[in-house]
Amino acid sequence: MFSMGSWLPALPGLAWGWALLDALLQGLVGACAVSVLCSLLKVYLYIQCVNSPERQAEKEAMAARRPLLELLHVLVLTGVLALVGSRVAALVVLEFSLRAVSTILSLGKGAHSSQLYLLCQYSLGCGVSCGLSFLLEGAPHRSWNLALAAGLAGLLALHARRLARHVCALYELHSRARYCGVCILLLAAGHGIPRLLRNALALAFAVADLAAVELINRDFLSTGEAVRFWTPLTICYTLLVVYMQEESRQSTGRGPVLRTVVVRMGGLFILLLTVGRWTDILHVFVSLLGELWCLLHSGVLLESCWRQ
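Residues numbered from 1 in each chain as written. Predicted model: local features only at pLDDT ≥ 70, side-chain atom pairs only at ≥ 80, totals over all residues. Heavy atoms only, no water.

S.K.: I'd like to hear about the overall build of the protein, residue by residue, with values.
M.R.: If you tally the helices and strands in the protein, you get 13 helices and zero strands. Tracing the protein from N to C terminus, the helices and strands come up as α-α-α-α-α-α-α-α-α-α-α-α-α. Considering the protein as a whole, with its 308 residues, one finds that 48% of them fall into the buried category. Of the contacts formed within the protein by residues at least 6 apart in sequence, a portion of 78% connects residues at least 24 apart. Summed over all atoms, the accessible surface of the protein reaches about 15400 Å², with 69% contributed by carbon and sulfur. (Helix = DSSP H or I, 4+ residues; strand = E, 2+ residues; numbered from the N terminus. Buried < 20%, exposed > 50% of the residue type's maximum accessible area, 1.4 Å probe, protein only. Contact = heavy atoms within 4.5 Å. Areas by Shrake-Rupley, 256 points an atom, 1.4 Å probe, with all protein chains shown as cover.)

S.K.: Can you lay out the UniProt feature "transmembrane region" (unreviewed entry) in the protein for me, pointing to particular residues and giving the numbers?
M.R.: Under the local residue numbering, the UniProt record ascribes the feature "transmembrane region" (unreviewed entry) to residues 23–47, 68–94, 114–136 and 143–164. In this annotation, residues 68–94 is assigned 93% helix and 0% strand; the end-to-end C-alpha distance for the span is 32 Å. (UniProt positions renumbered as here; feature names shortened; annotations may be inferred.)

S.K.: How would you summarise the nonpolar core if you had to cite specific residues and measurements?
M.R.: If you look at the biggest cluster of nonpolar residues, it comprises 85 residues, and the most contacted ones within it are Leu91, Tyr122, Tyr171 and Leu268. In this view, Leu268 contacts Val88, Leu91, Val92, Tyr237 and Val284; residues no more than four positions away in its chain are not counted. (Core = buried A, V, L, I, M, F, W, Y, C linked by side-chain atoms within 4.5 Å.)

S.K.: Can you explain the packing of helix α7 (residues 142–177) against helix α8 (residues 181–189)? Please cite residues and give values.
M.R.: Look at α7 against α8: their axes get within 9 Å of each other, and the N-to-C directions meet at 80°. Taken as axis vectors, α7 and α8 run roughly perpendicular relative to one another. Counting all contacts with α7, which are made through Leu163, His166, Val167, Leu170, Tyr171, His174 and Ser175, the residues of α8 involved are Val182, Cys183, Leu186 and Leu187. By residue class, the composition of the contact of α7 with α8 is eight nonpolar, three polar and no charged. (Axes fitted to C-alpha atoms, helices over the stretch in contact; angles between N-to-C directions. Parallel < 35°, antiparallel > 145°, perpendicular 65-115°, else oblique. Nonpolar A, V, L, I, M, F, W, Y, C, P; charged D, E, K, R; others polar.)

S.K.: Tell me what's going on with helix α3 (residues 67–83), and back it up with residues and numbers.
M.R.: The first and last C-alpha atoms of α3 sit 25 Å apart over 17 residues, in line with the 24 Å expected at 1.5 Å per residue. All buried positions along α3 are accounted for by Glu70, His73, Val74, Leu77, Thr78, Val80, Leu81 and Ala82. (Expected span 1.5 Å × (residues − 1).)

S.K.: Talk me through the environment of Ala208; I want residue IDs and the actual numbers.
M.R.: One can find Ala208 in helix α9 (residues 193–217). Each C-alpha atom, one on Ala208 and one on Cys130, is 6.1 Å from the other, the two residues being 78 residues apart in sequence. With residues near it in sequence (within four places) discarded, Ala208 still touches Val93 and Gly127.

S.K.: Tell me about the confidence of the model for the protein, and name the residues and values.
M.R.: Here the protein averages 80 in pLDDT, while 86% of its residues score no lower than 70. Summarising per-element confidence for the protein, the mean pLDDT is lowest in helix α10 (residues 223–250) (69) and highest in helix α6 (residues 121–135) (90). Per-residue pLDDT stays below 50 along residues 1–13; that stretch engages in 21 contacts with residues further than four places along the chain or on separate chains. (pLDDT = per-residue confidence, 0-100.)

S.K.: Go over the side chain of Ser298 with me, naming the residues and quoting the values.
M.R.: Among the secondary structure elements, Ser298 is positioned in the loop between α12 (278–297) and α13 (299–307). Those residues in contact with Ser298 that sit more than four places away from it in its chain are Leu118 and Gln121.

S.K.: Can you break down a nonpolar patch on the surface residue by residue, with the values?
M.R.: Together, Phe134, Leu135, Leu203 and Val207 line one region of the surface with nonpolar side chains, adding up to about 370 Å² of accessible area. Structurally, Leu135 can be placed in helix α6. Of the residues examined, Leu135 reaches a relative accessible area of 58% and is grouped as exposed. (Patch = residues over 30% accessible without salt bridge, like charges linked within 9 Å, V, L, I, M, F, W, Y side chains within 5 Å. Salt bridge = Lys/Arg side-chain N within 4 Å of Asp/Glu carboxyl O.)

S.K.: Summarise the side chain of Ser35; cite the residues concerned and give the values.
M.R.: Tracing the sequence through the fold places Ser35 in helix α1 (residues 14–50). Note on Ser35: relative accessible area 9%, which makes it buried. In this view, Ser35 contacts Val74, Ala157 and Arg161; residues no more than four positions away in its chain are not counted.

S.K.: Can you explain the pattern of salt bridges? Please cite residues and give values.
M.R.: For the coordinates displayed, the defined rule picks out four salt bridges. Note that Asp22 and Arg142 form a salt bridge whose closest N and O atoms lie 3.5 Å from each other. Here Asp22, found in helix α1, pairs with Arg142, found in helix α7; they are 120 residues apart in sequence, far enough to count as distant. Salt-bridge contacts for Glu95 lead to Arg99; the nearest nitrogen and oxygen are separated by 3.1 Å. Taken together, the residues Glu95 and Arg99, both in helix α4 (residues 86–107) and four residues apart, mark about one turn of the helix. The buried category is assigned to Glu95, whose relative accessible area is 5%.

Spelled out as structure tokens, the structure:
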């Protein structure tokens, strides 16, 4: 496999350094995807608050500017996604996909849940990382491709962040005056943002699921080994989905959401104790930190979703 440094002489540690660079670039693309998701959802929720006078406190909380915190969020998430191995990232993607299908079926045809979009943040980052790892495996210029993907993802995330800032600062004025094209477009078609996110996430997770299954199966030498891994995994994930559905019906708020994160990662930890490797155990703890970081960062948006 060739990368950005493939033309350099073989020096001790050089391959490890380029592998680390590739991991950081993959993590950056995943973090930018999460940033775009949060920015678009923030735009949608802010517009909903503007149209509801009783939700002024939520509107002011979302309009608060925290540029350093946004940058820190991207940097921390990039590091977390770079540290998480492809095996655990693939398991996180498959677990969320099963949970998302169950939630959508329980909501009914045509329904959507803004909360589900926020809960998928870390899983989306893992999915993008898995997809890139699978699609670029063996590519002649892997690092250059990742650098280009990171640049494009960063540009998209920057424009989405600017859109969110513009809406939070000027949407009320511009939508009344009708002289800003962006705000007029959002006034007319802002209700379609959830549908746009739903279609984009469905495509992203479809690719990520295929990549996740392939990344996991390549570690098995025989069908028997695969069966011994997938059987307890399926049972574990089914029980987790049933538990979380019951939990979500009984209560709402940040506490139950954080509790389900701990339960999910705890179940994955116990599973990998029996069928995983010691590095997988470490990556589960890193994933727990990533999930909690994403939920704490989007606390204001989660509160708005629960009150919607």
